[in-house]
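Listed here are the chains, written in short residue letters.
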Amino acid sequence: MVAPPWPWKVGWCSLCDQGWLQIRRTSITNKLTVVCAECETQYDTPEDALQVKNAGAYDVSVDGVTSDPEDQEVELAGWVPFVK
Ligand SMILES: [Zn+2]
């Protein structure tokens, strides 16, 4: 499979209107999260991200850096249906 330029995107960020909301995995807390690639607004779930609910600012010192999640992790979280 060829990696798309923006893997795991669930939607366009309506706050900054400049970036994709992407599913990422955090290195310190090791959890899935949804983060805007541009403004780094963070959500705990894709539902929240799409409804712009409970938006937070991503904090690297708390959660660590983010990386692309494995297919399996996204499946287990039940977030596959949100992936565009
Ligand atoms: Zn944004």
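Residues numbered from 1 in each chain as written. Predicted model: local features only at pLDDT ≥ 70, side-chain atom pairs only at ≥ 80, totals over all residues.

Draft legend 1. The arrangement of the overall build of the chain in detail. Within the chain one finds three helices and six strands. Expected size for 84 residues packed as a compact globule is a radius of gyration near 12 Å; at 12 Å, the chain falls within 12% of this value. Expressed as lengths along the three principal axes of its C-alpha atoms, the size of the chain is roughly 30 × 25 × 20 Å. When each of the 84 residues of the chain is scored for burial, the buried share is 25%. Considering only residue pairs separated by 6 or more positions, the chain has 48% of its internal contacts joining residues 24 or more positions apart. (Helix = DSSP H or I, 4+ residues; strand = E, 2+ residues; numbered from the N terminus. Rg over C-alpha atoms; globule rule 2.2 N^0.38 Å. Buried ≥ 20, exposed ≤ 12 C-beta atoms within 10 Å, placed from the backbone. Contact = placed C-beta atoms within 7 Å.)

Draft legend 2. Focus on unusual backbone geometry. The phi dihedral of Asn-30 falls on the positive side, at around 50 degrees, and the residue is not glycine. Tracing the backbone shows Asn-30 in the loop between β2 (20-26) and β3 (32-36). A tally of 10 C-beta atoms within 10 Å means that Asn-30 is categorised as exposed. Even without being glycine, Asn-54 reaches a positive phi, approximately 55 degrees. Position of Asn-54 among the secondary structure elements: in the loop between α1 (46-51) and β5 (56-57).

Draft legend 3. Looking closely at the nonpolar core. Trp-8, Val-10, Cys-13, Leu-21, Ile-23, Val-34, Val-35, Cys-36, Tyr-43, Ala-49, Val-74 and Phe-82 form the largest nonpolar core, which has twelve residues in total. Going through the elements one at a time, β2 and β3 are the ones with two or more residues in this core. The dominant element in this core, judged by the number of residues it contributes, is β3, at three residues. With residues up to four places along the chain from it excluded, the contact list for Ala-49 reads Val-10, Gly-11, Leu-21, Val-34 and Tyr-43. (Core = buried A, V, L, I, M, F, W, Y, C linked by C-beta atoms within 7 Å.)

Draft legend 4. Representation of the pairing of β2. Taken across its seven residues, β2 has six buried, putting it largely inside the fold. In the sheet, strand β1 (residues 9-12) pairs with β2 via three bridges, with the strands oriented antiparallel. Bridged to Gly-11 within β2 is Leu-21. Looking at chain direction, β2 and β3 are connected through five bridges and run antiparallel. For Gln-22, the partnering residue across the bridge sits in β3 and is Val-35. Here β2 hands over to β3 after five residues, with Asn-30 in that stretch at a positive phi of 50 degrees. Across two bridges, the pairing between β2 and strand β6 (residues 66-67) is antiparallel. Its bridge partner being in β6, Arg-25 is matched across the sheet by Ser-67. (Pairing = 2+ DSSP bridges.)

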